[in-house]
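One letter stands for each residue in the lines below.
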Amino acid sequence: MIKIPGTEEGIPAIEQALYEGINVNITLLFSLDAYKKVMEAYLTAMERRVEEGKPVHDILSVASFFVSRVDSEVDGRLEAIIEEDGDSERAATARAIMGQVAIANARLAYQEFKKVFNSGRFSDLAGYGVRIQRPLWASTSTKNPDYPDTLYVDELIGPNTVETLAPASIDAFRDHGTVTVTVEKDVDVARDVIETMESLGISYDDVIDVLVKEGVEKFADSFHSLAETIESEMSRIAEDIRTRRRNELAGVAGKFDEVTDSLDSAGAAQALRESNGAFWSDDRQVASEISGLLGWLQSVPEMQALASAGLFESLADDVQRRGYDRLVLLGMGGSSLAPEVMAHTLEHREGFPRLTVLDSTHPDTIRRVADGMDGERTLFVVSSKSGSTIETSTLFEYFLDLNHGNADDFIVITDPGSPLEARARNLEAWKVFTNRHDIGGRFSALSYFGLVPAAASGIDVGALLEDAASVLPIHDIHHPGIALGAALAAAADAGRNKLTLLCTDHWASFGDWLEQLIAESTGKHGKGLVPIAREPVRPVADYGDDRVFAVIDDGNEEIQGLAESLREAGHPVIGLPAHLGQLFMTWEIATAILGQQLEINPFDQPNVQEAKDQTNKVLAGEVDADVDASSVEKALEFVMGEANQGDYVSIQAFVDASDDMVNALADLRASLAGETAAPIALGIGPRFLHSTGQLHKGGPNQGVFLQIFQNPAGDIEIPGRDWGFQRLFSAQADGDYLTLEGRDLRVIRVNVDSASDVSAMSQAASRSGVAAD
């Protein structure tokens, strides 16, 4: 419970806090009038919640009525009368009520409590689950040594009361206290005591005013002292964190401080809390558009509320009850990468289908997934923000047809009002989830797009959200997401714009998600960070001064050792905890901050459409799609000759991503890494078009692109289309190549038939490097 004083100023706050579902201990109660107002505030708050259909059964409150302080104040005044009047009758009356006013006051308060909570008004509320607000006897230690040490305990025992005791009082009562109902004893005497006090010229109201004023002052002093202590400790911790971060950042530490101070002055934390697009742009229209894309900052608490209400657990139960053997996600980019990370890094519960992500249009890949449907019941999740993504749309129609038009095995996730939503509802799909429209695809990990597939595959969504919520809300400039964004901006300013993720294999899939987030958010207008995920480890001396490293620290000694060696060599290396929910939120915030520092809009993707348009032109026969392929030798010579200091090589593999092919591509990547100092990125097409494609066209002109194309052996027809997946896949490869070429970027193409051809390329790369030496 939080404490709120039961003063005139405190009453409205008490009612509002209780209405909002906050448990409250109302403190500093001395008078019957104040206590009545406190009970009224409680009942009113509960009535408001009941009227609005909000839960009330778990809201608790106590009213702390102070006891011994009353006697301390009144006894002092009685002693003054006794001293002044000597042996008079007035002095005798004063002596008679010494030490009795506090208990009398409390017993009368208990009578007021009974009136309210035995009333029909409360009875009606109790029917909805409203709990009794119990009176709590505070300040129960005996201050006067002439009084029994258990006086204020023994005399106020009764139903529905709370007694707070100091350790000495507990020991005393355990030794010689008496347990019996006493709070309702001698109520008429209690009234007489108060009247007698008044007759002696001691004003009840004046006593109360003095006690409340003193209590408020003590509380205020205590509060200010506490606040000062917290501020001091926060400053110390913040400085410790900042020092540690500066130590991680080596030569860019000074710039990090400058960026952090600049962000603080610009109100970065407040802008994120308030979803204020003006932080990123002075243009009103652009700022408004950005404000309309910041829903991801509110998604976690909203999803937590749904999780608490049982939505995700209910979905998981439904999936398990239906007995699905497989779960296939049809989606691209932000709609598929986060669920894939969750499936690879979080614990899978037995009895739930394992997730397979299909984000390719290569016929052989599609056929392999389709063949797995034989004899197994498959649940499909169709995921697309726009509802018109060509890969998702065509895959949906194909698998729907393969499932005999039965949409009852399909879950659809999309934005409200999208064509996909209309199609799904018309087909009577099993479940349709419409996400917040103000969340961009790459920022949608902790929304329906990430969480529905996770729940369906048996992942504990509630635990993931709780982990994410641990870095929310965004209080100040020391937030790990803001600090990470500032560190990346400082590194980029120093020319270190190749962001390399170091982690164990367990976390490797997180790099795929991070690639999309960073590349699509920052790679535009000739700027941006180039994310390098799953890169083979190199000797420390082989890493150039264009690198900045991020480490997911899960305690692996090899990774920790590499990180320390890189720091010693002068590279900035940023450590991050291995908690997936925190990582999602931290990187999303960092990316938003980085975009602001790069003076770009991190929430648009102006160049992604270019490759899509070229693909459509190829499909329509409007452009010549006869892309010339080079020999392996010429392609390797081109790549090694073009990749200079500050460049990166991007292997763009439009292939069937079988295990053999993926392994062969990894070997080729390692061979190229051994022969050139440039970072080597690897993307599978058309998947990477929705990930790093924006960076390739709009980012810094530092890319050397090696397109590897594997022509599908056969085709698969697409219902309702004039062309099949073979033509679509080829058109996507051609469209991307033509877009890169049209921008005068360094690109070359090699055609392969199988994984063995890629392995031969890897061997040739190693030989050519040796020959060149």
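We now turn to the structure provided with this report. (Residues numbered from 1 in each chain as written. Predicted model: local features only at pLDDT ≥ 70, side-chain atom pairs only at ≥ 80, totals over all residues. Heavy atoms only, no water.)

### With respect to the pairing of strand β13 (residues 547-553)
For step 1, the next point in the chain: For β13, the tally of buried residues reaches 6 of 7 residues, placing the bulk of the element in the interior.
For step 2, the next point in the chain: Pairing of strand β11 (residues 498-502) with β13 involves 5 bridges; the strand directions are parallel. Directly across from Leu501, in β13, lies its bridge partner Ala550.
For step 3, the next point in the chain: When β13 meets strand β14 (residues 573-577), the two strands line up parallel, connected through 5 bridges. Pairing of Ala550 across the sheet is with Ile574, part of β14. (Buried < 20%, exposed > 50% of the residue type's maximum accessible area, 1.4 Å probe, protein only. Helix = DSSP H or I, 4+ residues; strand = E, 2+ residues; numbered from the N terminus. Pairing = 2+ DSSP bridges.)

### Things to note about the side chain of Ser447
For step 1, the next point in the chain: One can find Ser447 in the loop between β10 (431-434) and α20 (448-456).
For step 2, the next point in the chain: Looking at Ser447, the relative accessible area reads 1%, which means it is buried.
For step 3, the next point in the chain: There is a polar contact of 3.2 Å between the side chain of Ser447 and the side chain of Asn435.
For step 4, the next point in the chain: Within the local environment of Ser447, its side chain forms a polar contact with the backbone oxygen of Ser444, the two atoms lying 2.7 Å apart.
For step 5, the next point in the chain: Among residues more than four places away in sequence, those in contact with Ser447 are Ser299, Met303, Asn435 and Ile439. (Polar contact = N/O pair within 3.5 Å; in protein donor to acceptor, adjacent residues only side chain to side chain. Contact = heavy atoms within 4.5 Å.)

### So, the nonpolar core
For step 1, the next point in the chain: Counting residues in hydrophobic clusters, the biggest one holds 93 residues, and the most contacted among them are Trp296, Phe510, Trp513, Phe584 and Trp587.
For step 2, the next point in the chain: By residue number, the principal contributor to this core is helix α25 (residues 580-597), which donates 10 residues.
For step 3, the next point in the chain: Residue contacts for Trp513: discarding those within four places in its chain leaves Leu337, Ala338, Val341, Arg442, Ala445, Phe584, Trp587 and Glu588.
For step 4, the next point in the chain: The next biggest cluster of nonpolar side chains, apart from the first, holds 68 residues, and it includes Ile4, Trp137, Tyr147 and Val193. (Core = buried A, V, L, I, M, F, W, Y, C linked by side-chain atoms within 4.5 Å.)

### Considering helix α24 (residues 557-568)
For step 1, the next point in the chain: In this model, α24 (12 residues) spans 16 Å end to end at C-alpha, consistent with the 16 Å of a helix rising 1.5 Å per residue.
For step 2, the next point in the chain: Listed as buried for α24 are Ile559, Leu562, Ala563 and Leu566. End-on view of α24: buried residues confined to an arc of 100 degrees, all on one side of the axis. In α24, the exposed residues that point more than 90 degrees away from the buried face are Glu557 and Glu568.
For step 3, the next point in the chain: Where α24 starts, the residue carrying a side-chain oxygen 3.0 Å from the main-chain nitrogen of Glu558 turns out to be Asn556.
For step 4, the next point in the chain: Immediately downstream of α24, the backbone of Gly570 shows phi near 95 degrees, a positive value. (Expected span 1.5 Å × (residues − 1). Arc of directions from axis to C-beta.)

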